[in-house]
Amino acid sequence: MTLFDVAKKNIQGNVKNYLIYLLSMIFSVMIYYIFVSLQYSQAIADGLQSSESLQAVLSQASVILILFTAVFVWSSNAFFTRKRKKEVGLYALLGMRRQTIARMLFYENLIMSLVALILGVSLGTLLSKLFTMILLKLLDNPVKAGFEIHIEAIGQVTLVFAILILITSMQGYRLIYKFKLVELFQAERKGEYAPRISLLAAGLSVILIALGYWTAFKPISTTQGILVNFSIIFIGLGAGTYLLFRSLVIEILKLSSHHKKRYYRGINMIGTSHLLYRIRSNTVMLTTIALLSSLTLCGVSVGYSFFYTQKQSAEQEMPFSYTYAVSENGLDVAARQLILSDAKHPVIAEIDLPAIATDANLTRFAYQPGNYEPNQVPVKLISASTYQRAASALGYKERLQPAGRDVVLVRPLYTNLSADEVQGNRISVTTGNEQVSLEVTGVAEGRILPWGYPDLCIVMSDSLFSQLSKSLEASTYKAFKVRGQETTKETATALIKLSGDGSGMATFYQQYRQNVENAGINVFTLGFLGLVFLAATGSIIYFNQLTEAEASKGSYGILRKIGVSRKDIRRSVAKQVLFVFGLPLIVGLVHSIMMLKALAGINLISGLFAVPILLSGGAYLLIYLAYYAFTVKTYYRTVSAQL
């Protein structure tokens, strides 16, 4: 029998323990292959305005997936390595050379990885058509996709996972050459000590998490404020969560032991002791899972929010169906003719929008756009009558009547500026040698011009606009509103081509399609990355609990001998595993809600994120419940094998 045969028999003898690891690896390979193959899909490329956006998103997602898969594989191997230290020690005791043992472990890892690679690529190839159709549906394109096999994708996946095999095989060599024989036999006893509690660290965890939550509710009006607030949120929640699991949870477990009636009921004492003595060694794992769960839930919810508000966002970014600057090169006549000739999309409204584009001094204004000096920020000035004509055409109910040098600010998109924040603020505009100071008296919600950073549009009285027009050059924008603007592909494409580089032409359809594509790609990417993260984190907890179950055999054997029933043992196991699965999930869910609140505060997403949270949280819960049930069953089977 060769060493390779021994490795195969080892795997066959431990197939139950390896099953979750193998299934998770297969799932990771499958998803990674699908992501890579989508980059080569001709059906998707044909349905996109810009295939580069898909390439960029999927490439970034692939990198994230590789990194996470590498961490998952490394962590999983670490658990198996710890579990097999005694076995490796026995091989060494029987006279097997370290080099031979290392080769055997390498063969085992190679066999498992090759099986995962072959099955993962095979399933990915079979399911790639399905996922292509799902993505086409999300992109609002005809769902027509053929069966494709991409050799480039297979080669890329094989290369990546071959590197992972080599990296994880290093763990086996480290196990063999680093530890002494006596350490290998006593590996399961390590970490069994009463943890010391730092009340300062426990209190600090509450303060840091509270600071992160408080910052999430804090209003933000500047780019610098966004960076500062989100830095506080990430640092506060990250450090606070680590200290939570390292100190506060231990303190809570110790305090629970003071409740004598509950502590001594059944074998609660045993379950609490197991958690208490081992929670600190699991701090990094629980922290990582809690933070990763919060980011995943937040990402999926953001993607969901973008997907179901894409039309609304396009209407805010591009209020009219077509908008272009009137010029002397004949574009106006040709563009107008082209729009009016589209019988499928009749014109509802045609508006001329005179506007003055100039620089303003915003040093005395509440909103400070980033990347601009406060005393030289681009703004657009329009008259009240122009705004009212456009507002009527767009169906807005707002009626603005500024007088004198009082002006109204059209609220910039993706900001949460309120009337109370800007009322009384002043904006200065230079006209010739004169500095005209304008007082902001309110904020209007309805936008009438295409979005463009910093998106500052100021509505003033007709007389003031006429006065400023004498020294500041005014431009006229032509705006059209048509029926069925979501389906104006041919006309929009012809208009962009007519304008040359497209810089002077803004179309609703182009913005709408860009939003649909970005939202569809993001939902698809975030959804499947979330599934991979969930499968991997659930597997990591499973391996961790399986390792602890092996170390707890003796304790439960003693309990059984002194008369503890199997039912009580199973109940104790279920409570312990529930604590390990439930705590990081609850912490991650609450963290994600707070981060979504912060994102809603800067108008990056709609404030109505209850539905995506419920859907993504519900999916997480269902899959975690499946992992939980399987872990409880395996844990109990392990500790009761000799009862």
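Residues numbered from 1 in each chain as written. Predicted model: local features only at pLDDT ≥ 70, side-chain atom pairs only at ≥ 80, totals over all residues. Heavy atoms only, no water.

> Help me understand helix 15 (residues 331-340), please; the structure alone is not making it clear to me.
Quick reminder: α-helices carry 3.6 residues per turn. Residues three or four places apart thus point the same way. Looking only at helix 15, the buried set comprises Leu331, Asp332, Ala335 and Ile339. Looking straight down helix 15, one finds its buried side chains confined to an arc of 90 degrees; they lie on one side. The outward face of helix 15, more than 90 degrees from its buried face, is lined by the exposed residues Val333 and Gln337. Elements in contact with the buried residues of helix 15: strand 1 (322-325), strand 2 (347-361), strand 8 (474-482), helix 19 (489-498) and strand 9 (505-507). (Buried < 20%, exposed > 50% of the residue type's maximum accessible area, 1.4 Å probe, protein only. Helix = DSSP H or I, 4+ residues; strand = E, 2+ residues; numbered from the N terminus. Arc of directions from axis to C-beta. Contact = heavy atoms within 4.5 Å.)

> Explain the pairing of strand 8 here, please?
For a regular strand, side-chain orientation follows a simple rule: the groups alternate between the two sheet faces. Both strand 1 and strand 8 contribute to a ladder of four bridges, which runs antiparallel. If you follow Ala325 over to strand 8, its bridge partner there is Tyr477. Two elements, strand 2 and strand 8, share nine bridges in a ladder whose sense is antiparallel. Bridge assignment links Val347 to a residue of strand 8, and that residue is Val482. (Pairing = 2+ DSSP bridges.)

> Sorry, what's going on with a nonpolar patch on the surface here?
The grouping of Trp74, Leu159, Ile163, Ile167 and Met170 at the surface amounts to a nonpolar patch, some 490 Å² of accessible area in total. Broken down by element, the nonpolar patch gets its largest block of residues, four residues, from helix 7 (residues 151-178). Secondary-structure assignment places Ile167 in helix 7. Classification of Ile167 by relative accessible area gives partly exposed; the value is 35%. (Patch = residues over 30% accessible without salt bridge, like charges linked within 9 Å, V, L, I, M, F, W, Y side chains within 5 Å. Areas by Shrake-Rupley, 256 points an atom, 1.4 Å probe, with all protein chains shown as cover. Salt bridge = Lys/Arg side-chain N within 4 Å of Asp/Glu carboxyl O.)

> Which parts of the structure should I look at to understand the packing of helix 13 (residues 283-308) against helix 22 (residues 566-601)?
Two quantities define a packed helix pair, namely the angle between the helix axes and the distance between the axes. Taken N-terminus to C-terminus, the directions of helix 13 and helix 22 make an angle of 40 degrees; their axes are 7 Å apart at the nearest point. Considered as vectors, helix 13 and helix 22 are oriented oblique to each other. As helix 13 packs across helix 22, the resulting crossing turns out to be right-handed. Where helix 13 approaches helix 22, its residues Met285, Leu286, Ile289, Ala290, Leu291, Ser293, Ser294, Leu295, Leu297, Cys298, Ser301 and Val302 are matched on the opposing element by Val580, Pro584, Val587, Gly588, Leu589, His591, Ser592, Met595, Leu596 and Leu599. (Axes fitted to C-alpha atoms, helices over the stretch in contact; angles between N-to-C directions. Parallel < 35°, antiparallel > 145°, perpendicular 65-115°, else oblique. Left-handed = near helix turned anticlockwise from the far one by under 90°.)

> Is there a simple way to explain the nonpolar core in this structure?
As a rule of thumb, soluble globular proteins bury nonpolar side chains together. Ranked by internal contacts, the top residues of the largest apolar core, which has 94 residues, are Tyr21, Phe35, Phe72, Val157, Phe161 and Val573. At 16 residues, helix 20 (residues 508-551) tops the list of elements feeding residues into this core. Once residues lying within four places of it in the same chain are set aside, the contact partners of Phe35 are Leu58, Ala61, Ser62, Leu65, Thr525, Phe528 and Leu529. Judged by nonpolar contacts, the second largest core, of 25 residues, contains Ala360, Met460, Leu468 and Leu472. (Core = buried A, V, L, I, M, F, W, Y, C linked by side-chain atoms within 4.5 Å.)

> So what exactly am I meant to see when it comes to the environment of Leu625 here?
For Leu625, the position within the fold is in helix 23 (residues 610-639). Distance in space between the C-alpha atoms of Leu625 and Phe581 is 8.8 Å, their sequence separation being 44 residues.

> It is not clear to me how the packing of helix 9 (residues 199-216) against helix 22 should be interpreted in this structure. Could you clarify?
Contact pair helix 9 / helix 22: the axes reach a minimum separation of 8 Å and the direction vectors enclose 35 degrees. Contact with helix 9, carried on its side by Ile209, Tyr213 and Ala216, involves Val590, His591, Met594, Lys597 and Ala598 of helix 22 and no other residues of that element. Here the contact of helix 9 with helix 22 is composed, by residue class, of six nonpolar, one polar and one charged. (Nonpolar A, V, L, I, M, F, W, Y, C, P; charged D, E, K, R; others polar.)

> Hey, could you run me through the environment of Glu486 in this one?
Relative to the assigned elements, Glu486 resides in the loop between strand 8 and helix 19. Spatially, the C-alpha atoms of Glu486 and His345 are 9.9 Å apart, while their sequence positions differ by 141 residues.

> Please clarify how the pattern of salt bridges should be interpreted in this entry.
Oppositely charged side chains may form a pair once their charged atoms are brought near each other. Applying the stated criterion to the full structure yields six salt bridges. The salt bridge involving Arg426 is made with Glu439; its shortest N-O contact spans 3.2 Å. With Arg426 in strand 5 (residues 426-431) and Glu439 in strand 6 (residues 434-444), the pair connects residues that are 13 residues apart, well separated along the chain. Under the relative-accessibility criterion, Glu439 is labelled partly exposed at 26%. Salt-bridge contacts for Arg447 lead to Asp455; the nearest nitrogen and oxygen are separated by 2.6 Å.

> Quick question: what am I supposed to make of the side chain of Thr488 here?
Take Thr488: it is sitting in the loop between strand 8 and helix 19. With sequence-adjacent residues up to four places away left out, Thr488 is seen in contact with Tyr322, His345, Val482 and Tyr509.

> So what exactly am I meant to see when it comes to the packing of aromatic side chains here?
Two aromatic rings, taken as a pair, are described by how far apart their centres are and by the angle between their planes. This model, assessed by the stated rule, comprises eight aromatic pairs. Aromatic side chains Tyr32 and Phe161 sit 6.2 Å apart centroid to centroid with 65 degrees between the ring planes, which places their arrangement in the edge-to-face category. Here Phe161 lies in helix 7 and Tyr32 lies in helix 2 (residues 15-38), a separation of 129 residues in the sequence. Residue classification places Phe161 among the buried residues on the basis of a relative accessible area of 6%. Here Tyr542 and Phe630 contribute two aromatic rings whose centre-to-centre distance is 5.5 Å and whose plane-to-plane angle is 35 degrees, an arrangement assigned as tilted. With Tyr542 in helix 20 and Phe630 in helix 23, the pair connects residues that are 88 residues apart, well separated along the chain. Among the aromatic residues, ring-to-ring pairing joins Phe581, Tyr624 and Tyr628 into one connected group. (Phe/Tyr/Trp six-rings, centres within 6.5 Å; stacked < 30°, edge-to-face > 60°.)

> Honestly, helix 9 in this entry has me stumped. Any pointers?
When the terminal C-alpha atoms of helix 9 are compared, their 26 Å separation across 18 residues agrees well with the 26 Å that a helix rising 1.5 Å per residue should span. Within the span of helix 9, buried status applies to Ala201, Ala202, Ser205, Leu208, Ile209, Gly212, Thr215 and Ala216. The buried residues of helix 9 occupy an angular sector of 165 degrees when projected down its axis, which confines them to one face. Residues of helix 9 that are exposed and point more than 90 degrees away from the buried face comprise Leu199, Leu200, Ile207 and Trp214. (Expected span 1.5 Å × (residues − 1).)

> I'm lost on the confidence of the model for the chain in this one. Help?
Detailed reading of predicted coordinates is not advised where the pLDDT is low. Within the chain, residue pLDDT values average 78, and 78% of them lie at 70 or more. For the chain, per-element mean pLDDT is lowest for helix 8 (residues 181-185), which scores 52, and highest for helix 16 (residues 384-394), which scores 91. (pLDDT = per-residue confidence, 0-100.)

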